[in-house]
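As a plain string of letters, each chain reads:
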Amino acid sequence: METKTDVESVIIKFAGDSGDGMQLAGSLFTSTTANIGNQLATFPDFPSEIRAPHGTVAGVSGFQIHFGTSGVYSPGDEPDVLIAMNPAALKANWTHLKPACTIIVDVDSFSPKAIAKAGFEGNPLEDDSLADYKVIEAPITSLTKSSIADLGLDNKSVVRCKNMFALGMVFWLYNEPLEQTINFFNKKFSSKPLIAEANITVMKTGHNFAETIEALPSSTTIAPAKKAPGTYRNMTGNQATAWGLLAAAKKANRDLFLGTYPITPATDILHELTKHKWSGVKIFQAEDEIAGICSAIGASFAGDLAVTTTSGPGMALKTEAIGLAIMTELPLVIVNVQRGGPSTGLPTKTEQSDLNQALFGRNGDSPLVVLSASTPSSCFEMAIEASRIAVEHMTPVILLTESYIANGSEPWKVKLIDELEEIHPNTADDLESWSPYSRDEKTLARKWVIPGTPGFEHRIGGLEKEDVTGNVSYLPENHANMIQLRDDKVAKVVDDIPLQRVKGEKANRLLVVGWGGQFGILFGAVSGLQKEGKDIAFTHFNYLHPLPKNTREVFSNHDRIVVCELNNGQFADHLQSQFPEFKFERYNKIQGLPFKIKELQKKFNELLEEK
Amino acid sequence: MEDAVTLKPKEYASTQEVKWCPGCGDYAVLKAVQMALSQLNIPKEKVTFVSGIGCSSRFPYYMGSYGFHSIHGRAPGIATGVKIANPDLSVWIASGDGDSLAIGGNHFIHAIRRNIDINLLLFNNQIYGLTKGQYSPTSELGKVTKSSPHGTVEEPFSPGELSIGSRSRFFARVVDTDVKMMIEVMKEAEQHRGFSVIEILQNCLIFNDKTHAEVTNKETKADNQLLLEHGKPMLFGADNNKGLRLNGLDLEVVTLGENGISEEDILVHDAENPNPSLQFMLSNLKSPLALGVIRKVKDTTYDQALHDQREEEKQKSKFKSLDDLYLSGNTFTVN
């Protein structure tokens, strides 16, 4: 077999009807690719309806994977190989086709009716609209049917296997082994061996078909990436968040409590944690978002590392309770997996538009700590970081992740528990010196007391607290003092977080600023331009409030600063208000989609060239 | 240490000055709670009072135990977290009719449904006191208040009906004028494992005075109160000669000695019957008003079930540590 090994990285996209099993095909391919040791990043993109109307563009579900030996910082822009299981899947990607890319279509699905439903005027396979692409017309449905006709399965079960045909073809294209997927099916359907056999057979049929037809480009081997030694596994951001929370509880020597209500795209954190009751995690699926966070506040009061998980609309409902956590100065981790807003917005699409809500969305002067994660695997460390700051500084912490990295995946270098730093909750131990609101000199954090401890009985609540005693107080001077103390306490977290780093030379024509889950794409875009010798630098924020100590310094010495974010300029506003001496230009994208390297580079080049 | 000296009731009090209006029914409830805890000999560090917003929700500040004055309607959420995190605590909620049945209605019904081991004191004065006199979800139809000068046009909730409809395992009703009854019912609620609702007919001297007078007045109470006791016939009245019997699907008040009625015709209270039909009717009875423990049924508690499930998973799981988890499944090693 002819093989090529000179390809650095490849982008593949599986696209089909939302019931076509594209997410499964994509994740099985990811799993094998991860095991080979490639760098990889994935991006699932699906409609919010469970089964959107069949054959329509609105109902197309996609799974993109970018994998390679090096240079993989994000799921990438347009695919090199697009698998379109029906005309709608082709139509949905119509405007995002890379020149000369390979398009594999299930030709059986291109009936006149399906073509019309997808919104094509004529059959795109028959006119010359795809002339510039390498189109492989594979009879996926019919070959799927004939390959397992003798198994005696009903038609529905048969057709359900066709995603495996596509997967088999892609495995051949990139010379990847089938064993792992075969094992997966044998295990998953151990009680239904016929279903396992059908899936495996169809995958092998697709594999053989790809090998047989000459129209396909030759099989390519993507060499494993050069990585730091260690054990790796593929992880989505939501899984990493869940595992990070488990680790944090262990390091803080507290039980983990999750009080939550299901909401897209945060629910997978609940799904993941609930699998691990063996670890002692206490899970409460509440009657609503409010009860979710309130139960977490109660659990925090009672001494657990307490967490609530949600997305924008749920955050809105939790607002009053977050204020209570601020007033009672209890540790609390609030994970907001952002999606498109406002209101119900775009539940399954990605956006970074809940920053203002996190920073300001409460009544009264109500500061708290806001963090964000930058990649799927960084959700692990930032979940630990949010927990650490919460219990050491006695404050609620909001961790902003986003759909793009929550559902996306990349290899994570396994961190064993002993490799992680200890967390030291600010627990009360000395009754003599203790009062409910007496504070640590350095952090200004009050002490955490566990109900059940004799001698420390006390009452807290949402009414203004008297300094030190924590008794209810309406005194004007006390209120002013407490407002300042709560603000200072959060500000002092700055002494306990890393300095902001910059990729690039010190003085530059252009500094690119990012935050949150767009790190990989921004990094890739800037790296590319730096390689071309462009005078550009990059700094990416994971600590949003308070900002790292050296932030002002980072912004100095650049001709221009551009803040890139998936909203209408919220982080730029945040920076502008704190650093009025700099001019923060904006590059905003608000389409429910991540940035593309190409569009970023185009913008950066314009900014670099403008006088 | 186990045989520590029993705390006196006043030792359950905090040092804070109690700021309810003079003559408010809440004082009697506070006293009853402190006496009940003292009689049960529960160390005060083991007690946590959680409340929402409203006059009665100031309750935790006046207790020397652990306490949490939270936000409007959300006490069941907070208390649920406390109990799950620390099941050894005796967890109580102090809440009013607005707090539990209006803004917190959703939490109220779900806490009952789950049967988590918490006691809820429902201070029902049928009015909003803290906001100075608006009608509440338990105000009677037509009630004239500051926010209903022409009378309300909405039917009230019956807390008993709502509780039992939400699958309550323990529902009791007491009056704030009878401290002895409150103490006994509170003790019973605390010893019952599960979510216990105690509706307290409480008088708001300022905004809704005498709303429960028919039931609490010395002159009228004998004929208007039915004091329920498990296993005892449902007899009441100044001469204890009135009783309840079942007539078809309705409760009927009858008099002993009239129309050949004897004590054998009178219903015997069965609070422990899992079938709530009769208890439901009792909770809705207007005259006489049923007091005491109306329903008390043993069942699995949420906190226990959650705990047992974790223990079972601990035994069953192939993972013994987080490292096991992190290294499980598909991993690959780079040397």
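Residues numbered from 1 in each chain as written. Chains lettered and ligands numbered in written order. Predicted model: local features only at pLDDT ≥ 70, side-chain atom pairs only at ≥ 80, totals over all residues. Heavy atoms only, no water.

**Side note on the overall build of chain A**
Helix and strand counts for chain A stand at 20 helices and 20 strands. On C-alpha atoms alone, chain A measures out to a radius of gyration of 26 Å, which is about the 25 Å that the 2.2 N^0.38 rule sets for 611 residues. Considered along the principal axes of its C-alpha atoms, chain A spans approximately 80 × 65 × 45 Å. A buried classification covers 63% of the 611 residues belonging to chain A. Considering only contacts in chain A between residues 6 or more positions apart, those separated by 24 or more positions represent 77%. Split by element, the accessible area of chain A, about 22,900 Å² in all, is 51% carbon and sulfur. A distance of 1 Å separates the average location of the 58 positive side-chain charges in chain A from that of its 73 negative side-chain charges. (Helix = DSSP H or I, 4+ residues; strand = E, 2+ residues; numbered from the N terminus. Rg over C-alpha atoms; globule rule 2.2 N^0.38 Å. Buried < 20%, exposed > 50% of the residue type's maximum accessible area, 1.4 Å probe, protein only. Contact = heavy atoms within 4.5 Å. Areas by Shrake-Rupley, 256 points an atom, 1.4 Å probe, with all protein chains shown as cover. Lys, Arg positive; Asp, Glu negative; His and termini not counted. Charge placed at Lys NZ, Arg CZ, Asp CG, Glu CD.)

**Some thoughts on the overall build of chain B**
Counting secondary structure elements, chain B contains 11 helices and 14 strands. The buried share among the 335 residues of chain B stands at 55%. Within chain B, residue pairs in contact and separated by at least 24 positions form 65% of the contacts whose partners lie at least 6 positions apart. Counting only carbon and sulfur atoms, one obtains 51% of the accessible surface of chain B, whose full area is about 14,900 Å².

**Considering the interface of chain A and chain B**
Counting from both sides, the interface comprises 69 residues of chain A and, opposite them, 55 residues of chain B. Of the roughly 5,100 Å² buried between chain A and chain B, counting both surfaces, carbon and sulfur atoms make up 63%. Per-residue buried area on chain A facing chain B is highest for Trp-278, Glu-287 and Arg-459 of chain A; these three make up 17% of the total on that side. On the surface where chain A and chain B come into contact, there are one salt bridge. Of the charged contacts, one joins Glu-287 of chain A and Arg-114 of chain B as a salt bridge, the two residues approaching to 2.6 Å between their closest N and O atoms. Across the chain A-chain B interface, the total number found is 24 residue pairs in polar contact (both at pLDDT 80 or more). Of all the elements in the fold, those that place two or more residues in the side of chain A that touches chain B are α1 (22-36), β7 (230-236), α9 (237-252), β9 (282-285), α11 (289-301), α12 (312-328), β14 (409-413) and β15 (459-461) of chain A. Tallying contributions element by element places α11 of chain A first for the side of chain A that touches chain B, with eight residues. Among the residues forming the side of chain A that touches chain B, the class breakdown is 38 nonpolar, 18 polar and 13 charged. (Buried area = accessible area lost by both parts, 1.4 Å probe. Salt bridge = Lys/Arg side-chain N within 4 Å of Asp/Glu carboxyl O. Polar contact = N/O pair within 3.5 Å; in protein donor to acceptor, adjacent residues only side chain to side chain. Nonpolar A, V, L, I, M, F, W, Y, C, P; charged D, E, K, R; others polar.)

**Some remarks on the domain arrangement of chain A**
All names here are of chain A. Domain assignment breaks chain A into domain 1 (3-220), domain 2 (234-419) and domain 3 (510-609). The distance between the C-alpha centroids of domain 1 and domain 3 comes to 35 Å. Across the boundary between the two partners, domain 1 contributes seven residues, which contact 10 residues of domain 3. Note on domain 1 versus domain 3: buried area summed over both sides is about 790 Å², and carbon and sulfur give 57% of it. Area buried by domain 1 at its contact with domain 3 is led by Tyr-73, Ser-74 and Asp-77, which between them contribute 63% of it. Taken together, domain 1 and domain 3 are joined by two salt bridges. (Domains from an automatic or database assignment.)

**Quick notes on the sheet that holds strand β20 (residues 584-588) of chain A**
Residues and elements named next belong to chain A. The four strands lie next to each other as β17-β16-β19-β20, forming an open sheet whose pairing is parallel. Of all the strands in the sheet, just β17 (536-541) and β20 have a single pairing partner and so form its edges. On average, adjacent strands in this sheet sit at an angle of 25° to one another, irrespective of strand direction. Here six bridges tie strand β16 (residues 508-515) to β17, and the two strands are oriented parallel to one another. By the bridge assignment for β17, Leu-511 is matched with Ala-537. Across the sheet, helix α17 (residues 519-531) lies against β16, β17 and β19 (558-565), angled at about 165° from β17, the strand it touches most. The sheet strands contacting helix α19 (residues 570-578) are β16, β17, β19 and β20, and the helix crosses β19 at an angle near 140°. (Pairing = 2+ DSSP bridges. Axes fitted to C-alpha atoms, helices over the stretch in contact; angles between N-to-C directions.)

**Things to note about the pattern of salt bridges**
All names here are of chain A. Per the counting criterion, the structure on display carries 39 salt bridges over all chains. Linking Asp-255 and Lys-282 is a salt bridge whose minimum nitrogen-to-oxygen distance equals 3.0 Å. Of this pair, Asp-255 sits in the loop between α9 and β8 (256-260) while Lys-282 is found in strand β9, placing the two residues 27 residues apart along the sequence. Where Glu-606 meets Lys-602, a salt bridge forms, and the shortest distance between an N and an O atom there is 3.7 Å. Here Glu-606 pairs with Lys-602, and both are found in helix α20 (residues 597-609), just four residues apart, close to one helical turn. Beyond isolated ion pairs, a larger network of salt bridges with shared partners links Glu-385, Arg-388, Glu-392 and Asp-496.

**Observations concerning a negative patch on the surface**
Residue and element names in this part refer to chain A. On the surface, Glu-126, Asp-127, Asp-128, Asp-132 and Glu-137 cluster together to form a negatively charged patch. Structurally, Asp-128 is set in the loop between α3 (112-117) and β6 (134-138). Under the relative-accessibility criterion, Asp-128 is labelled exposed at 63%. (Patch = residues over 30% accessible without salt bridge, like charges linked within 9 Å, V, L, I, M, F, W, Y side chains within 5 Å.)

**Some points on the environment of Asn-426 of chain A**
Residues and elements named next belong to chain A. Relative to the helices and strands, Asn-426 resides in the loop between β14 and β15. Under the relative-accessibility criterion, Asn-426 is labelled buried at 9%. For Asn-426 and Thr-443, which are 17 residues apart along the polypeptide, the C-alpha to C-alpha distance reads 9.9 Å. What Asn-426 contacts, discounting residues up to four positions off in sequence, is Val-391, Glu-392, Met-394, Asp-440, Ala-445, Arg-446, Lys-447 and Trp-448. A distance of 3.5 Å separates a polar atom in the side chain of Asn-426 from the backbone oxygen of Ala-445.

**Focus: the nonpolar core**
Counting residues in each nonpolar core, the largest one holds 176 residues, and the members touching the most others are Ile-297, Val-512, Phe-555, Phe-571 and Phe-604 of chain A together with Tyr-326 of chain B. Two domains share this core, each providing at least three of its residues, namely domain 2 (234-419) and domain 3 (510-609) of chain A. Setting aside its immediate chain neighbours within four residues, Phe-555 of chain A contacts Leu-511, Val-513, Phe-541, Ile-561, Leu-575, Phe-579, Phe-582 and Phe-584 of chain A. One finds Phe-29, Leu-40, Val-158 and Ala-196 of chain A within the second-largest nonpolar core, a separate group that totals 49 residues. (Core = buried A, V, L, I, M, F, W, Y, C linked by side-chain atoms within 4.5 Å.)

**Overview of the confidence of the model for chain A**
Detailed reading of the predicted coordinates is not advisable wherever pLDDT falls low. Taken residue by residue, chain A gives an average pLDDT of 94. The fraction at 70 or more is 99%. Residue range residues 1-5 of chain A is modelled with pLDDT below 50. Its contacts to residues more than four positions away, or to other chains, number 13 contacts. (pLDDT = per-residue confidence, 0-100.)

**Some thoughts on helix α6 (residues 162-173) of chain A**
Residues and elements named next belong to chain A. Compared with the 16 Å implied by 1.5 Å per residue over 12 residues, the 17 Å span of α6 between its first and last C-alpha is a close match. For α6, a buried count of 12 out of 12 residues is recorded, marking the element as mostly surrounded by other parts of the structure. Listing the buried residues of α6 in full gives Lys-162, Asn-163, Met-164, Phe-165, Ala-166, Leu-167, Gly-168, Met-169, Val-170, Phe-171, Trp-172 and Leu-173. One or two positions beyond α6, positive phi appears at Asn-175, with a value near 55°. (Expected span 1.5 Å × (residues − 1).)

**Points about unusual backbone geometry**
Residues and elements named next belong to chain A. Put simply, Thr-264 and Pro-265 share a cis peptide bond, and its omega is 0°. By secondary structure assignment, the location of Pro-265 is in the loop between β8 and α10 (267-274). Here the residue pair His-545 and Pro-546 is connected by a cis peptide bond, since its omega of -5° sits within 30 degrees of zero. With respect to the helices and strands, Pro-546 occurs in the loop between β18 (543-545) and α18 (551-555).

**Some details on the pairing of strand β2 (residues 39-45) of chain A**
Side chains on a regular strand alternate between the two faces of the sheet. All names here are of chain A. With six of seven residues buried, β2 lies mostly within the body of the structure. Of the strand pairs in this sheet, β2 and strand β3 (residues 60-68) are connected by seven bridges, and their pairing is antiparallel. From the neighbouring strand, Gln-39 faces β3, where its bridge partner is Gly-68.

**Some words on the state of the cysteines**
Residue and element names in this part refer to chain B. Using the criterion set out here, one finds zero disulfides over all chains in the structure. With no disulfide of its own, Cys-21 lies 6.2 Å from the sulfur of Cys-24, the closest cysteine sulfur. Left unpaired, Cys-55 is separated from the closest cysteine sulfur, that of Cys-21, by 6.4 Å. Its relative accessible area of 29% is what places Cys-55 among the partly exposed residues. (Disulfide = S-S within 2.5 Å.)

**Description of the pairing of strand β11 (residues 332-338) of chain A**
Residue and element names in this part refer to chain A. The buried count for β11 comes to seven of seven residues, which makes it a mostly enclosed element. Going residue by residue along β11, you find Leu-332, Ile-334, Asn-336 and Gln-338 tucked away on one face and Val-333, Val-335 and Val-337 tucked away on the opposite face as well. Judged from the four bridges that link them, strand β10 (residues 305-310) and β11 form a sheet pairing that is parallel. Note that in β11 the partner of Thr-308 across the bridge is Ile-334.

**A short note on the sheet that holds strand β13 (residues 396-402) of chain A**
Two modes of strand pairing occur in sheets, parallel and antiparallel, and in both the strands are linked by backbone hydrogen bonds. Taken in spatial order, the seven strands line up as β9-β8-β10-β11-β13-β12-β18 (chain A) in an open sheet, and their pairing is mixed. The open sheet has two free edges, formed respectively by β9 and β18 of chain A, since each of these has just one partner strand. With strand direction ignored, the average angle separating the axes of adjacent strands in the sheet is 20°. Contacting β8 and β9 of chain A, helix α2 (residues 75-85) of chain B crosses the sheet at an angle of about 155° to β9 of chain A.

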